[in-house]
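Okay, here's what each chain looks like letter by letter:
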Amino acid sequence: MDRFTQLNAIMSTELVTLPDSINPREAFEELNNERRKLAPVVDKSGNLVGILTRTGALRATLYSPAVDAKGGLKIE
């Protein structure tokens, strides 16, 4: 691949999306089963809300966010 490579030669034609309600373990398994490194995350209306990678999904299963009782970012 070089800078003159056509996009259709390197891009997948079958889009795999993940719902925003999916848990990290299921997301990792879906990406792994589909042999994808990443996938767009969409809400119920089909709007893009983010991108999730296999590594990101795996990390989300290992670490929990530092949030307070109200769900806000914890600052110490």
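Residues numbered from 1 in each chain as written. Predicted model: local features only at pLDDT ≥ 70, side-chain atom pairs only at ≥ 80, totals over all residues. Heavy atoms only, no water.

*Asks:* Is there a simple way to explain the sheet that holds strand S3 (residues 48-53) in this structure?
*Replies:* Pairing between sheet strands relies on hydrogen bonds along the backbone, with the strands arranged either parallel or antiparallel. Taken together, 3 strands build an open sheet; the order of strands is S1-S2-S3 and the sheet is mixed. Each edge of the open sheet is held by one strand with a lone partner, namely strand S1 (18-19) and S3. As defined by bridge partners, S1 adjoins strand S2 (residues 38-42) across 2 bridges and the pair is classed as parallel. Residue pairing across strands places Leu-18 opposite Val-41, the latter belonging to S2. (Pairing = 2+ DSSP bridges. Helix = DSSP H or I, 4+ residues; strand = E, 2+ residues; numbered from the N terminus.)

*Asks:* Would you take a moment to explain the nonpolar core for this structure?
*Replies:* Grouped burial of nonpolar side chains is what soluble globular proteins tend to show. By size, the foremost hydrophobic cluster in this structure holds 6 residues: Leu-18, Ala-27, Leu-31, Ala-39, Val-41 and Ala-57. Only helix H2 (24-33) and S2 provide two or more residues apiece to this core. Apart from residues lying up to four places away in sequence, Val-41 is in contact with Leu-18, Pro-19, Asp-20, Asn-47, Leu-48, Val-49, Gly-50, Ile-51 and Leu-52. (Core = buried A, V, L, I, M, F, W, Y, C linked by side-chain atoms within 4.5 Å. Buried < 20%, exposed > 50% of the residue type's maximum accessible area, 1.4 Å probe, protein only. Contact = heavy atoms within 4.5 Å.)

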